[in-house]
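What the coordinates show
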Amino acid sequence: MSRPCPCTSKKPYDHCCGPFHAGKAAPETAELLMRSRFSAYALGKVDYLIATRPEAKRAEENREELAQYCKSVSCVGLKIVSKEKGGKADDTGVVTFHASLQANGRRSLHIETSTFARENGKWVYVDGLVKG
Ligand SMILES: [Zn+2]
């Protein structure tokens, strides 16, 4: 029995973002990395959130703050709005998404255009432009 993946793919977690979080597989596309980071927020997988940043930016990440943030919000839904590159043969990718979040009983929509790049063959989250 496997629960549905929090990235709202409708796939079981063990056949979606689970293997990425467990380090058994690496996302092949920028979109898959984006989805797996969303579900990592949903599940409080702070190590994964840090490991999927570029090496040079990992030191900026605050483990406590991330853990606190994960606890404070519920990740309700995820919609990929558009994507550029980010495929198996690409080294960069851009994904725009709408994430529905809930904190303190209030729903909010997080709109972000994220930039991804390959580092040592693996996709990492470089930065994001938040629009709402
Ligand atoms: Zn997933």
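Residues numbered from 1 in each chain as written. Predicted model: local features only at pLDDT ≥ 70, side-chain atom pairs only at ≥ 80, totals over all residues. Heavy atoms only, no water.

Going by an unreviewed UniProt entry, the chain carries the name UPF0225 protein and comes from Geothrix oryzae.

A few words on the coordination of the zinc ion. In the first shell of the zinc ion, the protein supplies Cys5 (SG), Cys7 (SG), Cys16 (SG) and Cys17 (SG), at 2.2 to 2.3 Å from the metal. Given four donor atoms and angles of 104 to 113 degrees at the metal, the environment of the zinc ion is assigned as tetrahedral. Of note, the zinc ion draws all its donor residues from one chain, in the sequence arrangement C-x1-C-x8-C-C. The burial state of Cys16 is the same as that of Cys17; both residues are buried. (Donors = N, O, S within 2.8 Å, 3.2 Å for Na, K, Ca; no water. Tetrahedral: all angles 85-135°; square planar, octahedral: opposite > 155°, others 65-115°. Buried < 20%, exposed > 50% of the residue type's maximum accessible area, 1.4 Å probe, protein only.)

Turning our attention to helix H2 (residues 30-43). Helix length check: H2 (14 residues) gives 20 Å between terminal C-alpha atoms against 20 Å at 1.5 Å per residue, within 8%. Every buried residue of H2 is listed here: Ala30, Glu31, Leu33, Met34, Arg35, Ser36, Arg37, Phe38, Ser39 and Ala40. Positioned one or two residues after H2, Gly44 has a phi angle of 70 degrees, which is positive. (Helix = DSSP H or I, 4+ residues; strand = E, 2+ residues; numbered from the N terminus. Expected span 1.5 Å × (residues − 1).)

This part takes up the UniProt feature "domain: YchJ-like middle NTF2-like" (unreviewed entry) in the chain. Residues annotated in UniProt with the feature "domain: YchJ-like middle NTF2-like" (unreviewed entry) correspond here to residues 29-128. The span residues 29-128 is 30% helical and 45% strand by assignment, and the distance between its end C-alpha atoms comes to 17 Å. (UniProt positions renumbered as here; feature names shortened; annotations may be inferred.)

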